[in-house]
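# Tertiary structure, described
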Amino acid sequence: MERYLLTALFSVWINLIYGINIQPIPEHPVIDQPVTLSVSGVSGAIHSFSWYRSSGISNSSLILSYNPTSNPAETQGPKYFPRASSFSNGSLHIVELSTTDSGYYTVQVQAGSLTSQYINLPVYVPVVKPVIRASSQRPVEYDEVALTCTATNAQRFLWSRIGGKIPSGVKYSSNNSSMTISRITLSDAGKYQCEGMNPVFKDISETYTLSLYCVCADPPAGVLAGIICGTIAGIALIACATFLLYRRFILPARQVQTGQVNSQQKSSEIYDNVIDGTKGQNPTVESPYTGLQHQPDHTYCDLNMGQIQKR
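Presented here is an overview of the structure given in this document. Treat the numbers as computed from the prediction; the structure is a model and nothing was measured. (Residues numbered from 1 in each chain as written. Predicted model: local features only at pLDDT ≥ 70, side-chain atom pairs only at ≥ 80, totals over all residues. Heavy atoms only, no water.)

### Regarding the sheet that holds strand β13 (residues 171–172)
The four strands are arranged β10-β11-β14-β13 in an open sheet whose pairing can be described as antiparallel. What marks the edges here is a single partner per strand, and that holds for β10 (131–134) and β13. Of the pairings in the sheet, the one linking β13 to strand β14 (residues 178–181) comprises two bridges and is antiparallel in character. Opposite K171, over in β14, you have T180 as the bridge partner. (Pairing = 2+ DSSP bridges. Helix = DSSP H or I, 4+ residues; strand = E, 2+ residues; numbered from the N terminus.)

### A look at the pattern of salt bridges
The full count for this structure, using the stated rule, is one salt bridge. Taking the shortest distance from any N to any O, the salt bridge between R83 and D101 comes out at 2.7 Å. One end of the pair, R83, is in the loop between β5 (74–76) and β6 (84–86); the other, D101, is in the loop between β7 (92–94) and β8 (103–110), with 18 residues separating them in the sequence. Residue classification places D101 among the buried positions, given a relative accessible area of 4%. (Salt bridge = Lys/Arg side-chain N within 4 Å of Asp/Glu carboxyl O. Buried < 20%, exposed > 50% of the residue type's maximum accessible area, 1.4 Å probe, protein only.)

### Considering the nonpolar core
Counting 22 residues, the largest nonpolar core has L37, W51, I63, L92, I94, Y105 and V107 as its most contacted members. At the level of elements, β2 (35–40), β3 (48–52), β4 (62–66), β7, β8 and β9 (114–121) are the ones that each hand at least two residues to this core. Contacts of I63, omitting those with residues within four sequence positions, involve W51, Y52, R53, T75, Q76, G77, K79, Y80, F81, A84, L92 and Y105. Among the nonpolar cores identified, the runner-up in size contains 18 residues, and V145, L147, F157 and C194 belong to it. (Core = buried A, V, L, I, M, F, W, Y, C linked by side-chain atoms within 4.5 Å. Contact = heavy atoms within 4.5 Å.)

### Focus on a nonpolar patch on the surface
A surface patch of nonpolar side chains, about 300 Å² in accessible area, is lined by L245, F249 and I250. Relative to the helices and strands, F249 resides in helix α2 (residues 221–258). (Patch = residues over 30% accessible without salt bridge, like charges linked within 9 Å, V, L, I, M, F, W, Y side chains within 5 Å. Areas by Shrake-Rupley, 256 points an atom, 1.4 Å probe, with all protein chains shown as cover.)

Below, the structure written as structure tokens:
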């Protein structure tokens, strides 16, 4: 036990003096892609090294060990997985990264001295399309409203407003996943979007329309009664006007089309000079204006000639 403690203290002291470094290549490892945990800063030739799946050194977390003088040079530990392999310079190579590969890794190197270092390996995956939700679906003026943006695999968020600026005095959460408007006014209403991102991927949400609702009081009973009476009167007036228009224009037109004649509108009669006959006899019809006709001149002439002959 004392020997283990002395070794650990010695390693810490050496790291403070010399130190080694682990750098992931690429800097931002992506799912399904390879990554190399590159070791640098080793002083002297490497005699052996070991990788552990933890933030410390423990036999139960050993992935593999490498010793160029051994056969085989690489031996497997309890946490070994086939996608992992070692390089002679002390680096660890992992192919086809999975989300389960994220976490702590520690390397212990035996060179001029025994040194160790650990790294927290991230594995980045695409951001799922963000979604905006409001704390109130029907906010009224001067309410406090919070818009929250959620997106899987996003580490931080960026807010924007279409056709305008973000209201002044807005309060953001630590990673900008939500913004709060303390006292909403009509000028704050509009279309908002949020963008979720991590060091590799990003995606933007659909547009969210923030609306301001009005709370209207019920009208007084007298006003309501007046509206109802006015509506009834209007309906009655429209009915009367429709009936009059029907009697004046539509009904006569239909009677003409069907051959019917209104009893009050008889066809004009031809008035002749009629001399009433006795009952049971047909009346004698004279020619129009018989008593007013001018007699021909020859009747007068015949009379004159008769008087002459008597003389």
